[in-house]
Amino acid sequence: MTTNIRYKSRIPIKSDETPEEKQYVGFATLPNQVHRKSVKKGFDFTLMVAGESGMGKSTLVNSLFLTDLYKDRKLLNAEERINQTVEIIKHTVDIEEKGVKLKLTIVDTPGFGDAVNNNECWKPITDYIDQQFEQYFRDESGLNRKNIQDNRVHCCLYFIPPFGHGLRPVDVEFMKALHEKVNVVPLIAKADCLTPNEIKKLKDRVREEIERFGIKVYQFPECDSDEDEEFKQLDKELKECCPLAVIGSNTVVEARGQRVRGRLYPWGIVEVFLSVCVCVSVENQSHCDFVKLRNMLIRSHMHDLKDVTCDVHYENYRAQCIQDMTSKLTQDNRMESPIPILPLSTPDVETDRLIKMKDEEVNCYVIMGNITYTG
Amino acid sequence: MAATDVDIFSNEEKRNLSLGGHVGFDSLPDQLVSKSVTQGFCFNILCVGETGIGKSTLMNTLFNTMFENEEASHYQNGVCMRPRTYDLQESNVHLKLTIVDTVGFGDQINKEESYKPIVDYIDTQFENYLQEELKIKRSLFNYHDGRVHICLYFIAPTGHSLKSLDLVTMKKLDSKVNIIPIIAKADTISKSELHKFKIKIMSELVSNGVQIYQFPTDDHAVTEINSSMNAHLPFAVVGSVEEVKVGNKTVRARQYPWGVVQVENESHCDFVKLREMLIRVNMEDLREQTHARHYELYRRCKLEEMGFTDTDPDCQPFSLQETYEAKRKEFMGDLQKKEEEMRQMFVNKVKETEAELKEKERELHNKFEQLKHMHQEEKRKVEEKRRDLEEEMNAFNRRKVAAETLSLAQPLKKDKDKKN
């Protein structure tokens, strides 16, 4: 399913046609115009990957975009990681497919969850996301808005280790710190260490824990009733599969006479892109949800992720920001914002407190007076 | 005279004699074996690893039985040790197996204190043994030895290197227990990655001075196999209790859509090597090492802490008893001093409280006097008022009476006038 099928183009008709055809106005070509303009402008997408080291994040990103983003990467030793702090590293690549240009930014978070004491290890990440929002907020409110660079994080892939029985406290805390700032998509990493039954159990567990702890992960938008059946089916499957269990691979191996991206084991070959398995014993079962993830992330929901970021997360941030600004009028001399300062609509907190204090004092005196009077 | 005789004899060289016939003391090892078989053996395993890494499954696979255990949750506040003892029997050999699990290891956000419960548990077992040894009436032969003989450290198969928590914990444990590191859930690492991973782990352990258990190579019967196994550390294991049909056999394995991982297939994982080393070849050596090296180290440290030394400042050997007596006297002296102090404090406190109470009593008394005074004043005033009021009333009554009599007298006078 590609975007090309959905919007059929209509060629504008010449003026010497029959009167009936003169009724045709022609704004049905609008989707085409949008398509053309967007191709010319190019797209951008910022993807953040987070999770402990050794979960296969880099491998997965390489598999997703079929490039090698992580050449010459230096991995730290265990003793260096005892007190490690989280860094934020950005990789930007420009890729092109069939004339459509995509500026892809991958935000990496090495060091997350690696130290012995991981208290608040997600703080650098939330700070980074807030910084990007602030930057965009300032640019948007500026005078010259021609070339705004959108560095806001559109999606965060969180890698859950498959070795445990479900979510761990650090997973829960991280997702709760981020779920209102960015679209969080949880993934079960290294899924080739789980049998199909174990995958199902773990997915159910994780889904139940996500609901129990009130974590708002990214929800796929509901289908419109006029979408075609194939799309609806795909959408339903995707919703049931959440969280996706993925396997990544940097290597190409020989399987079934073809060269495929996969992992070679003494007992078999795991194919990353396989959507239907041809094993004798197991039928119609893919090796992992990698294909679904790719389709979702790139082929169908990329724009929706961007929309949700702009319309929901960024707007929340903006509203919060403005509210904070107006209640901290006198103290705030850092933000030289050109926005006109709105009059105070909320009562002064200081005066309120003073009134309350005086009230209490008066009450005290009354009570004391009563006691002495009756005594 | 006897002492000098002994001296002479010990200076002689030991002579080797050859036997003229079969005496029969070559059955000594057999006697030892039959005695220990009747006594039964005891083995304690400590499993350290994150929740869900496969510790229980591996134990089940190793001993080919289902030990009862529930799945642990990830939300424990701290690490707690869960020892369980089982009685196993194979042919006529009894084994008392204790498996100690670390519940909640690696789950907390702040893992700086995670190693403490483990170290405390090991020390407690050593302490108990030491206490038993120092008792006057000992029964070491039927003492249930809880000292940990082997610690299996489960490393998560990330494929990069050890985690920082692993390094910190192993450094704390290496001087107290025999550690064998194993790579858990090894069916997620391919062969080439596994090779690199093992090398990285070993180099990290060496560069940080962590001493893991080396299989002994001095006994020529097992030298060869042990030294080859030493090269395969850490073992990459896969555990499973489910049986899968492969070919025409049913083996323990894990079934994936892309293949079947057989637990006992040496090209799939190192489980067979681990079982061989741990149970079939070196179990007795592990117990010996625990007793001879780790326990002795603990004992020495503990006794030195308590102030015992083997030699006093003049380099004369001290007997344990003398030192013990001296220590005891010191301790009793300390106790007495403390008792005195406490008594003093108690007396002082009592005095203070008494003084306070007296003060309060006096105050109360004063207040009472004041109140009484006030009341009397009030009463007097009220009395005065009452008297005044009474006088007024009396005066009024008199006037009333006077007025009445006057009014009575008036009509009479009028009548009198009328008559006249």
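The rules behind these values
Residues numbered from 1 in each chain as written. Chains lettered and ligands numbered in written order. Predicted model: local features only at pLDDT ≥ 70, side-chain atom pairs only at ≥ 80, totals over all residues. Heavy atoms only, no water. Helix = DSSP H or I, 4+ residues; strand = E, 2+ residues; numbered from the N terminus. Buried < 20%, exposed > 50% of the residue type's maximum accessible area, 1.4 Å probe, protein only. Contact = heavy atoms within 4.5 Å. Areas by Shrake-Rupley, 256 points an atom, 1.4 Å probe, with all protein chains shown as cover. Lys, Arg positive; Asp, Glu negative; His and termini not counted. Charge placed at Lys NZ, Arg CZ, Asp CG, Glu CD. Core = buried A, V, L, I, M, F, W, Y, C linked by side-chain atoms within 4.5 Å. Pairing = 2+ DSSP bridges. Axes fitted to C-alpha atoms, helices over the stretch in contact; angles between N-to-C directions. Expected span 1.5 Å × (residues − 1). UniProt positions renumbered as here; feature names shortened; annotations may be inferred. pLDDT = per-residue confidence, 0-100. Arc of directions from axis to C-beta. Buried area = accessible area lost by both parts, 1.4 Å probe. Salt bridge = Lys/Arg side-chain N within 4 Å of Asp/Glu carboxyl O. Polar contact = N/O pair within 3.5 Å; in protein donor to acceptor, adjacent residues only side chain to side chain. Disulfide = S-S within 2.5 Å. Phe/Tyr/Trp six-rings, centres within 6.5 Å; stacked < 30°, edge-to-face > 60°.

## Focus on the overall build of chain B
Check the secondary structure of chain B and you find ten helices and nine strands. Dimensions along the principal axes, computed over C-alpha positions, put chain B at roughly 180 × 85 × 45 Å. Expressed as a percentage of the 420 residues in chain B, the buried residues total 36%. When contacts within chain B are restricted to residue pairs at least 6 apart in sequence, long-range pairs at least 24 apart make up 66% of them. When the accessible area of chain B is evaluated, it comes to approximately 27600 Å², of which 54% is carbon and sulfur surface. Looking at chain B, you have 61 positive and 70 negative side-chain charges, and the mean spots of the two groups are 12 Å apart.

## Remarks on the overall build of chain A
Helix and strand counts for chain A come out as eleven helices and nine strands. Burial status across chain A gives 40% buried among its 375 residues. When contacts within chain A are restricted to residue pairs at least 6 apart in sequence, those whose partners lie at least 24 apart make up 66%.

## Focus: the nonpolar core
Among the nonpolar cores identified, the biggest contains 155 residues, and Leu157(A), Phe174(A) and Leu152(B) are the most heavily contacted of them. Tallying contributions element by element places helix α4 (residues 115–134) of chain B first for this core, with eight residues. Beyond its immediate stretch of four places on either side in the chain, Phe174(A) contacts Ala50(A), Phe112(A), Trp122(A), Ile125(A), Cys156(A) and Tyr158(A).

## Re the sheet that holds strand β8 (residues 249–256) of chain B
Residues and elements named next belong to chain B. What the three strands build is an open sheet, ordered β7-β8-β9; its pairing is antiparallel. Pairing within the sheet leaves two strands with one partner each, and these edge strands are β7 (243–246) and β9 (259–262). Between one strand and the next, the sheet's axes are offset by a mean angle of 65°, whatever the strand orientation. Note: β7 against β8, four bridges, orientation antiparallel. The partner of valine 246 across the bridge, within β8, is lysine 249.

## Some thoughts on helix α7 (residues 196–213) of chain A
Residue and element names in this part refer to chain A. Look at α7: 26 Å from first C-alpha to last across 18 residues, which is about the 26 Å you get at 1.5 Å a residue. Summarising the contacts, the buried residues of α7 are in contact with β4 (155–160), β5 (184–188) and β6 (244–245). A positive backbone phi angle near 70° is found at glycine 214, which sits one or two residues after α7.

## Observations concerning the pairing of strand β8 (residues 258–265) of chain A
Residue and element names in this part refer to chain A. Both strand β7 (residues 252–255) and β8 contribute to a ladder of four bridges, which runs antiparallel. Bridge pairing links glutamate 254 to arginine 259 in β8. As consecutive antiparallel partners, β7 and β8 are separated by two residues, and within that stretch arginine 256 has a phi angle of approximately 50°, a positive value. For β8 and strand β9 (residues 268–271), the ladder comprises four bridges, and the chain directions are antiparallel. Residue pairing in the sheet places leucine 264 in a bridge with isoleucine 269 of β9.

## With respect to the sheet that holds β7(A)
Residues and elements named next belong to chain A. With antiparallel pairing, three strands are arranged side by side in an open sheet as β7-β8-β9. For this open sheet the edge positions go to β7 and β9, each flanked by a neighbour on one side alone. Taken pair by pair, the neighbouring strands of this sheet meet at an average axis angle of 70°, ignoring direction.

## Here's the deal with the UniProt feature "domain: Septin-type G" (unreviewed entry) in chain B
The positions that UniProt labels "domain: Septin-type G" (unreviewed entry) are, in the present scheme, residues 39–305 of chain B. As annotated, residues 39–305 of chain B has a helix share of 37% and a strand share of 22%, and its two end C-alpha atoms lie 35 Å apart.

## Some thoughts on the confidence of the model for chain A
Predicted coordinates in regions of low pLDDT should not be interpreted in detail. All names here are of chain A. Averaged over every residue, the pLDDT of chain A is 76; the share at 70 or more is 80%. The secondary-structure element of chain A with the lowest mean pLDDT is helix α1 (residues 3–6), recorded at 42, while β4 shows the highest, at 91. Predicted confidence for residues 1–17 stays below pLDDT 50, and this span has 13 contacts to residues more than four positions away or in other chains. Note on residues 275–285: pLDDT under 50 across the span, and 15 contacts to partners over four residues away in sequence or across chains.

## Observations regarding the UniProt feature "site: Important for dimerization" (unreviewed entry) in chain A
UniProt tags Phe163(A) as "site: Important for dimerization" (unreviewed entry). With respect to the helices and strands, Phe163(A) occurs in the loop between β4 and α6 (169–178). Residue classification places Phe163(A) among the buried residues on the basis of a relative accessible area of 2%. In contact with Phe163(A), not counting residues within four places along its chain, are Met55(A), Cys193(A), Thr51(B), Gly52(B), Ile53(B), Ala156(B), Pro157(B) and Lys185(B).

## Focus on helix α7 (residues 223–230) of chain B
Each full turn of the α-helix corresponds to 3.6 residues, which orients residues three or four apart in the same direction. Among all positions in α7(B), only Asn226(B), Met229(B) and Asn230(B) are buried. The buried residues of α7(B) occupy an angular sector of 105° when the element is viewed end-on, so they sit on one face.

## Considerations on the interface of chain B and chain A
On the chain A side, the residues contacting the 45 residues of chain B number 56 residues. The junction of chain B with chain A conceals about 4200 Å² of combined surface from both sides, 55% of it contributed by carbon and sulfur atoms. Counting the contacts that link chain B with chain A gives three salt bridges. In this structure, Glu52(A) engages Lys163(B) in a salt bridge whose closest nitrogen and oxygen atoms are separated by 3.2 Å. Here chain B and chain A share 17 residue pairs in polar contact (both at pLDDT 80 or more) between them. Those elements that place two or more of their residues in the side of chain B that touches chain A are α5 (164–173), α6 (191–207), β8 and β9 of chain B.

## Brief notes about the state of the cysteines
A covalent bond bridging the sulfur atoms of two cysteines is what the word disulfide describes. All names here are of chain A. Summed over all chains, the structure comprises zero disulfides over all chains. Its sulfur unpaired, cysteine 156 is 7.0 Å from the next cysteine sulfur, which belongs to cysteine 155. We note that cysteine 310 lacks a disulfide partner, and the nearest cysteine sulfur, in cysteine 155, lies 13 Å from it. Looking at cysteine 310, the relative accessible area reads 23%, which means it is partly exposed.

## Considering unusual backbone geometry
Residue and element names in this part refer to chain B. Between leucine 233 and proline 234 the backbone carries a cis peptide bond, its omega angle lying at -15°. By the element assignment, proline 234 lies in the loop between α7 and β6 (235–236). Phi at lysine 185 is positive, roughly 45°, even though this residue is not glycine. Along the polypeptide, lysine 185 turns up in the loop between β5 (179–183) and α6.

## Digging into the packing of aromatic side chains
Residues and elements named next belong to chain B. One pass over the full model with this rule turns up 17 aromatic pairs over all chains. Arranged with centres 4.5 Å apart and planes meeting at 35°, the rings of phenylalanine 67 and tyrosine 86 form a pair that is tilted. Taken together, the residues phenylalanine 67 in the loop between α3 (55–63) and β2 (80–90) and tyrosine 86 in strand β2 connect sequence positions 19 residues apart. Accessibility classification places phenylalanine 67 together with tyrosine 86 in one group, the buried group. Their ring planes at 90° and their centres at 6.4 Å tell us that phenylalanine 105 and tyrosine 153 sit as a pair that is edge-to-face.

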